[in-house]
Amino acid sequence: MLEKEIEALKALGPSARLFGQIMEWKRPGRQRFSTIFPGAHAQWIRTAAVFQRSEDPDFHALGNHMRRIAELSAEMDEMAEDTRQFRRKLREYKRALERQQRVLRRLIERTVPEDGV
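Residues numbered from 1 in each chain as written. Predicted model: local features only at pLDDT ≥ 70, side-chain atom pairs only at ≥ 80, totals over all residues. Heavy atoms only, no water.

**Q** Sorry, what's going on with the packing of aromatic side chains here?
**A** Aromatic rings considered in pairs are described by the distance between their centres and by the relative angle of their planes. Under the criterion given, the structure shown has 3 aromatic pairs. Taking the centre distance of 4.7 Å and the plane angle of 50° together, the rings of Phe 19 and Trp 44 count as tilted. Note that Phe 19 is positioned in helix 1 (residues 3–25) and Trp 44 in helix 3 (residues 38–52), a separation of 25 residues in sequence. Residue Phe 19 is classed as buried on the basis of its relative accessible area, which comes to 3%. We classify Trp 44 as buried; its relative accessible area is 5%. A network of ring pairs unites the aromatic residues Phe 19, Phe 33 and Trp 44 as a single cluster. (Phe/Tyr/Trp six-rings, centres within 6.5 Å; stacked < 30°, edge-to-face > 60°. Helix = DSSP H or I, 4+ residues; strand = E, 2+ residues; numbered from the N terminus. Buried < 20%, exposed > 50% of the residue type's maximum accessible area, 1.4 Å probe, protein only.)

**Q** How do you make sense of unusual backbone geometry when you look at a structure like this?
**A** The bulk of non-glycine residues show a negative phi, and the bulk of peptide bonds are trans. Even without being a glycine, Arg 32 presents a positive backbone phi close to 55°. Looking at the element boundaries, Arg 32 is found in the loop between helix 1 and helix 2 (33–36). Since its relative accessible area comes to 32%, Arg 32 is described here as partly exposed.

**Q** Help me understand helix 3 in this model?
**A** Residues spaced three or four apart along an α-helix face the same direction, because each turn holds 3.6 residues. The end-to-end C-alpha distance of helix 3, which contains 15 residues, comes to 21 Å, matching closely the 21 Å that a straight helix rising 1.5 Å per residue would cover. Taken residue by residue, helix 3 has Ala 40, His 41, Gln 43, Trp 44, Thr 47, Ala 48 and Phe 51 as its buried positions. All buried residues of helix 3 project into a common sector of 160° when viewed along the axis, lining one side. (Expected span 1.5 Å × (residues − 1). Arc of directions from axis to C-beta.)

**Q** Can you help me understand the nonpolar core in this one?
**A** Across soluble globular proteins, you tend to see nonpolar side chains buried next to one another. By size, the foremost hydrophobic cluster in this structure holds 24 residues, and its most contacted members are Trp 44, Leu 62, Met 66 and Tyr 93. Here this core gets 8 residues from one element, more than from any other, and that element is helix 4 (residues 57–77). Not counting chain neighbours up to four residues away, the residues in contact with Leu 62 comprise Phe 51, Gln 100, Val 103, Leu 104 and Leu 107. (Core = buried A, V, L, I, M, F, W, Y, C linked by side-chain atoms within 4.5 Å. Contact = heavy atoms within 4.5 Å.)

**Q** What am I meant to see in the packing of helix 4 against helix 5 (residues 84–111) here?
**A** How two helices pack is summed up by the angle between their axes together with the distance between the axes. Where helix 4 meets helix 5, the axes come as close as 9 Å, and the angle between the chain directions of the two elements is 155°. Taken together, the axes of helix 4 and helix 5 lie roughly antiparallel to each other. Both helix 4 and helix 5 take part in a crossing whose hand is left-handed. Each residue belonging to the contact of helix 4 with helix 5 can be placed in one class, and the counts come to 15 nonpolar, 3 polar and 8 charged. (Axes fitted to C-alpha atoms, helices over the stretch in contact; angles between N-to-C directions. Parallel < 35°, antiparallel > 145°, perpendicular 65-115°, else oblique. Left-handed = near helix turned anticlockwise from the far one by under 90°. Nonpolar A, V, L, I, M, F, W, Y, C, P; charged D, E, K, R; others polar.)

**Q** What exactly am I supposed to notice about the side chain of Gln 31 here?
**A** One can find Gln 31 in the loop between helix 1 and helix 2. Residue classification places Gln 31 among the buried positions, given a relative accessible area of 2%. A distance of 3.0 Å separates the side chain of Gln 31 from the side chain of Ser 73, its partner in a polar contact. Apart from the residues lying within four places of it in its own chain, the contact partners of Gln 31 are Ile 22, Met 23, Lys 26, Ile 36, Ser 73, Asp 77 and Tyr 93. (Polar contact = N/O pair within 3.5 Å; in protein donor to acceptor, adjacent residues only side chain to side chain.)

Written out as structure tokens, the structure is:
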């Protein structure tokens, strides 16, 4: 892994945990991550930008998914939940989360030894 990406991952830790808790306890459309926690949201966006500039294809993809998840979350916070457009954004949000998980699994498989030692 590259040094910039490692430093960005270390800095992302608290923001990622907070975002994970919000996703666990709040439904999409009611998360308000960008308005309630602007510092953590800014860190999320900065880290996504670092990853997007990476030459490593997995980090680049991770940055794209992180940015898209943040954008969709903010868009859905402003929409009425009973509209077709909201449901469409919700499906897109779910796909972005699934893709992000696949990329994270690839990164973990690449960096963590098989035997866990």
